[in-house]
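Chain by chain, the residues run as shown.
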Amino acid sequence: MVSYRDLASGLKKLEIDPAQPVIIHASLSTFGEIRGGADSFLGALLATFQKVMMPSFTFKTMVTPEFGPDNNGVIYGSGKDINKMAEFFYPDMSVDPLIGDLAEALLEHPDSQRSTHPILSFTGINIPNILKSQNLMNPFEPIRTMMEENGWVILAGVDQTVNTSIHFAEQLAGRKTFTRWALTIHGVTECKNFLGCSDGFNKAQDWFSSFTKTVRIGNTKIMALPITNVVQTVKTHIQKNPKALLCSRKECPRCDAIRNSLKKK
Ligand SMILES: [Zn+2]
């Protein structure tokens, strides 16, 4: 069983300046049993870092309209049944289960704040300026603000496919982005610069090896990477090879849309 002390001492071994902001992506199940669960993990994070952020995305607000822009990785009019299940975004809406229990624990923490994007919100502690930098047009602006503050990405038991900073780098490199729609109290809201598919992101792991710090807690690998290095490395590779990091699934609506957009140029 992994304890609070194991977690706190493992995170400390990353030797990150506690004043630098961190974005954490974690899968608690990879640790086996954690004494005290997600709250214990969150406590260890907050004892190690002063400024903590996690994605608190809410995909259940999404609706598919009957019409929309071409080559958008979506089949219009296909969402009739799912649209009926969509929920209006509200500030305490649960984090998508795919993102996990740690982000939910952060959201429930009395000192946390959440940005207001109806699909791609972030939640954090002591980072009001970073959260405020997000807007509907620029959902990944908090990653840029973290770069300016020498922030780090921490991947705890997860791989690069969940690394949100890579999505920001794709956009900086000029890669096509997507439009999606969400239910809000103001009606159906258009959300520009929505993320592409991340299934091919593990190909970036080798590019990052020279600046990745790794520690183990129990049997789980924890990686820490400077956000600036991640973003600049990915941007450079995509500018050199516009198909870099696209997935190799046979039919992937968003990766195929990006390939289409390259043909047109
Ligand atoms: Zn794909």
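So, here's what we can say about the structure. (Residues numbered from 1 in each chain as written. Predicted model: local features only at pLDDT ≥ 70, side-chain atom pairs only at ≥ 80, totals over all residues. Heavy atoms only, no water.)

### Describing the sheet that holds strand 3 (residues 62-63)
Link 1 in the chain: One open sheet holds the three strands; their spatial order is 3-7-8, and the pairing between them is antiparallel. Lying at the two open borders of the sheet, with one neighbouring strand each, are strand 3 and strand 8 (187-194). (Pairing = 2+ DSSP bridges. Helix = DSSP H or I, 4+ residues; strand = E, 2+ residues; numbered from the N terminus.)

### A word on the sheet that holds strand 4 (residues 113-114)
Link 1 in the chain: Strand order in this open sheet of seven strands is 4-5-2-1-6-10-9, and the pairing throughout is mixed. Two strands bound the open sheet, and with one partner strand each, they are strand 4 and strand 9 (213-217).
Link 2 in the chain: Across two bridges, the pairing between strand 4 and strand 5 (residues 122-125) is antiparallel. Residue pairing in the sheet places R114 in a bridge with T123 of strand 5.

### Digging into the packing of helix 6 (residues 141-148) against helix 7 (residues 164-172)
Link 1 in the chain: Relative orientation of the contacting elements helix 6 and helix 7 amounts to 100°, with a least axis distance of 9 Å. When the axes of helix 6 and helix 7 are compared, the pair comes out roughly perpendicular. Side by side, helix 6 and helix 7 meet where I143, R144 and M147 of the first sit next to T164, S165, F168 and L172 of the second.
Link 2 in the chain: A breakdown of the residues in the contact of helix 6 with helix 7 according to their chemical character gives four nonpolar, two polar and one charged. (Axes fitted to C-alpha atoms, helices over the stretch in contact; angles between N-to-C directions. Parallel < 35°, antiparallel > 145°, perpendicular 65-115°, else oblique. Contact = heavy atoms within 4.5 Å. Nonpolar A, V, L, I, M, F, W, Y, C, P; charged D, E, K, R; others polar.)

### Regarding the layout of surface pockets
Link 1 in the chain: Roughly 1100 Å³ of volume is contained in the largest pocket.
Link 2 in the chain: In terms of lining, the largest pocket is formed by 44 residues, of which the most central are F59, L98, F194, L195 and R254.
Link 3 in the chain: Mapped onto the lining of the largest pocket, the elements with two or more residues apiece are strand 1 (22-26), strand 3, helix 3 (80-85), helix 4 (101-108), helix 7, strand 7 (178-184) and helix 10 (253-264).
Link 4 in the chain: For the lining of the largest pocket, the element with the most residues is helix 3, which contributes three residues.
Link 5 in the chain: Of the residues in the lining of the largest pocket, the class split is 23 nonpolar, 15 polar and six charged.
Link 6 in the chain: If you add up the space inside the second largest pocket, you get close to 200 Å³.
Link 7 in the chain: When grouped by side-chain class, the residues that make up the lining of the second largest pocket number five nonpolar, five polar and one charged. (1 Å grid on protein atoms, 1.4 Å probe; cavity = no way out; pocket = protein on both sides within 12 Å on 5 of 7 lines; lining within 4 Å. Points joined across faces, edges and corners; volume = space filled by probe spheres on them.)

### Quick notes on helix 9 (residues 227-240)
Link 1 in the chain: Helix length check: helix 9, at 14 residues, gives a terminal C-alpha distance of 20 Å against a target of 20 Å (1.5 Å per residue), a fit within 8%.
Link 2 in the chain: Taken together, the buried positions of helix 9 are I227, V230, V231, T233, V234 and I238. Viewed along the axis of helix 9, the buried residues span an arc of 165°, placing them on a single side of the element.
Link 3 in the chain: The secondary structure elements touched by the buried residues of helix 9 are strand 1, helix 6, strand 6 (152-156), helix 7, helix 8 (205-208) and strand 10 (220-226). (Expected span 1.5 Å × (residues − 1). Buried < 20%, exposed > 50% of the residue type's maximum accessible area, 1.4 Å probe, protein only. Arc of directions from axis to C-beta.)

### Here's the deal with the packing of helix 2 (residues 37-48) against helix 4
Link 1 in the chain: At a minimum axis distance of 9 Å, the contact between helix 2 and helix 4 shows a crossing angle of 70°. The angle between the axes of helix 2 and helix 4 places the two elements in the roughly perpendicular class. Contacts from A38, D39, F41, L42 and L45 of helix 2 reach helix 4 at D101, L102, A105 and L106.
Link 2 in the chain: Taken together, the residues of the contact of helix 2 with helix 4 sort by class into seven nonpolar, no polar and two charged.

### A short note on the coordination of the zinc ion
Link 1 in the chain: Each protein donor to the zinc ion is listed here as C197 (SG), C247 (SG), C252 (SG) and C255 (SG); together their distances run 2.3 Å.
Link 2 in the chain: Classification of the site at the zinc ion as tetrahedral follows from its four donor atoms and the range of 106 to 116° in their angles at the metal.
Link 3 in the chain: In the primary sequence, the donor residues of the zinc ion line up as C-x49-C-x4-C-x2-C. Linking C197 in the loop between strand 8 and helix 8 with C255 in helix 10, this pair joins segments that are 58 residues apart in sequence. The same class applies to C197 as to C255, namely buried. (Donors = N, O, S within 2.8 Å, 3.2 Å for Na, K, Ca; no water. Tetrahedral: all angles 85-135°; square planar, octahedral: opposite > 155°, others 65-115°.)

### Re the environment of H167
Link 1 in the chain: As for its placement among the helices and strands, H167 is situated in helix 7.
Link 2 in the chain: Owing to a relative accessible area of 6%, H167 belongs among the buried residues under this scheme.
Link 3 in the chain: For the pair H167 and K235, spaced 68 residues apart in sequence, the C-alpha to C-alpha distance is 10.0 Å.
Link 4 in the chain: Those residues in contact with H167 that sit more than four places away from it in its chain are F140, L195, G196, C197, S198 and F201.

### Notes on the pairing of strand 9
Link 1 in the chain: One ladder, built from five bridges, connects strand 9 with strand 10; its direction is antiparallel. For V215, the partnering residue across the bridge sits in strand 10 and is I222.
Link 2 in the chain: Adjacent in sequence and paired antiparallel, strand 9 and strand 10 are bridged by two residues, among which G218 carries a positive phi angle near 60°.

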